[in-house]
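# Observations on the three-dimensional arrangement
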Amino acid sequence: MKTTTKISIIGAGFVGSTTAFAIMDEGLASEIVIVDINKDKAEGEAMDLSHGASFVKPTIIKSGDYKDTDNSDIVIITAGAPQKPGETRLDLINKNYKIMNSIVPEVVKYSPNSILLIVSNPVDILAYIAYKISGFPKERVIGSGTVLDTSRFKYMLSDHFNVDARNIHTYIMGEHGDSEIATWSITNIAGLNISEYCSKYCDKCDGNIRYEIHEKVKNAAYEIINKKGATYYAVALAIRRIVEAILRDENSILTISTLLNGQYGIKEIYLGVPSIVGAEGVKNIVESPLNEEELSALKTSADKLKKSLDEALK
């Protein structure tokens, strides 16, 4: 029986370092290794985190090279060019494609049995590229997908309806980006769809409220980047949630980015869709009953990503 868990994080920037903190604070790993091209930055983050040892469950935290990541259970890739004000996630393809090409072979060399969790943007395209480069089965290459977007959606609905976000059931699906879709047709609170809930318990459902909430979700990262330069707290919590589902074999349904092979009529592209996540990675994709408009929008999102992927691979 395996008694220790090793997680390696490639990239010691805002997202990587905050992810290390979130995983350490939750006590999910016996060992965390941080790797970055800036070795001093990685070492500094590892030192800073290690100094909190007396406040958390025992965790070895160190910086190192790829050889130090050997036999990792999960390797989280956050390295890459960050999204700048005015940039979309798809604008980062060419920069981060090259970075992924340099990272993934090293990960495969030292941790051939690991699960790869891709966070770098554009996450859906980079997850597909990592899947192709690694040669791993699709179940063991996961993108963070729309797990964060779904949480943003639930937060904004909870704020609007004054209901605990944990009691709102819904998803953001598709690209982690501008073509993502809100699944209004299956959104429910206590088993009531949004229209029913509005008619009984809320008098703030008139006008373009659905459009406005979706736009806020879609543009949340742009707003945060414009105000503070980067997003990292909530995405670190989203990554921690995925890691937790894997390590505890929870069979949790999360909108991670995974390879579609005919689901929703879409093939050969990674998209954020509800998936059962456990010890082997992705156990299954759950095909939620979208309405015609949502299904069409999901296919449009897939087509957009395929076009960008084809251009990147030329």
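These remarks concern the structure in this document.

What counts as what
- Residues numbered from 1 in each chain as written.
- Predicted model: local features only at pLDDT ≥ 70, side-chain atom pairs only at ≥ 80, totals over all residues.
- Heavy atoms only, no water.
- Pairing = 2+ DSSP bridges.
- Helix = DSSP H or I, 4+ residues; strand = E, 2+ residues; numbered from the N terminus.
- Salt bridge = Lys/Arg side-chain N within 4 Å of Asp/Glu carboxyl O.
- Buried < 20%, exposed > 50% of the residue type's maximum accessible area, 1.4 Å probe, protein only.
- Phe/Tyr/Trp six-rings, centres within 6.5 Å; stacked < 30°, edge-to-face > 60°.
- Lys NZ or Arg CZ within 6 Å of the ring centre and 35° of its normal.
- 1 Å grid on protein atoms, 1.4 Å probe; cavity = no way out; pocket = protein on both sides within 12 Å on 5 of 7 lines; lining within 4 Å.
- Points joined across faces, edges and corners; volume = space filled by probe spheres on them.
- Nonpolar A, V, L, I, M, F, W, Y, C, P; charged D, E, K, R; others polar.
- Polar contact = N/O pair within 3.5 Å; in protein donor to acceptor, adjacent residues only side chain to side chain.
- Contact = heavy atoms within 4.5 Å.
- Disulfide = S-S within 2.5 Å.

### Remarks on the sheet that holds strand β10 (residues 188-189)
- In space, the three strands of this open sheet follow the order β7-β10-β11, with antiparallel pairing throughout. If you trace the sheet from one side to the other, it starts and ends with β7 (168-169) and β11 (192-193), each paired once.
- The pairing of β7 with β10 spans two bridges and is antiparallel. When the sheet's bridge partners are listed, H169 is paired in β10 with N188.

### A short note on the pattern of salt bridges
- Counting across every chain of the model gives 16 salt bridges.
- In this structure, D65 engages K39 in a salt bridge whose closest nitrogen and oxygen atoms are separated by 2.3 Å. Taken together, the residues D65 in the loop between β3 (60-63) and β4 (74-77) and K39 in helix α2 (residues 39-50) connect sequence positions 26 residues apart.
- Its relative accessible area of 31% is what places D65 among the partly exposed residues.
- For D68, the salt bridge identified is with K67, shortest N-O distance 3.8 Å.
- On the basis of relative accessibility, which here comes to 48%, the residue K67 falls in the partly exposed class.
- Among the ionic contacts, a cluster of salt bridges with common partners joins R241, E244, R248 and E250.

### Considering the packing of aromatic side chains
- All chains considered together, the criterion is met by eight aromatic pairs.
- Measuring from centroid to centroid gives 4.7 Å for F14 and Y232, while their planes differ by 15°, and the two rings are stacked. Of this pair, F14 sits in helix α1 (residues 14-26) while Y232 sits in the loop between α8 (220-228) and α9 (233-247); the two residues are 218 residues apart in sequence, bridging distant segments of the chain.
- Three or more aromatic residues joined by ring pairs form one cluster here, namely F14, Y232 and Y233.
- Here the basic side chain of R140 rests over the ring of F136, its NZ or CZ set 4.4 Å away from the ring centre.
- Positioned above the aromatic ring of Y232 is the side chain of K228, whose terminal nitrogen or guanidinium carbon lies 3.9 Å from the ring centre.

### A closer look at the layout of surface pockets
- When its volume is computed, the second largest pocket comes out at roughly 530 Å³.
- If you trace the second largest pocket, you find 21 residues lining it, with V147, S151, K154, R241 and L254 closest to the centre.
- Elements that contribute at least two residues to the lining of the second largest pocket include exactly α5 (147-161), β7, α9 and β12 (252-254).
- Residues that form the lining of the second largest pocket fall into these classes: 10 nonpolar, six polar and five charged.

### Concerning the side chain of S252
- For S252, the location among the structural elements is in strand β12.
- Separated by 3.0 Å, the side chains of S252 and E250 make a polar contact.
- Residues contacting S252, with those up to four places away along its chain left out, are R241, A245, S275, I276 and V277.

### Some words on the state of the cysteines
- A complete count under the given rule lists one disulfide for this structure.
- Across the disulfide from C198 sits C205; the S-S distance is 1.9 Å. Torsion about the S-S bond of the C198 and C205 cystine: about -75°, corresponding to left-handed handedness.
- Of the residues examined, C198 reaches a relative accessible area of 12% and is grouped as buried.
- Its relative accessible area of 23% is what places C205 among the partly exposed residues.

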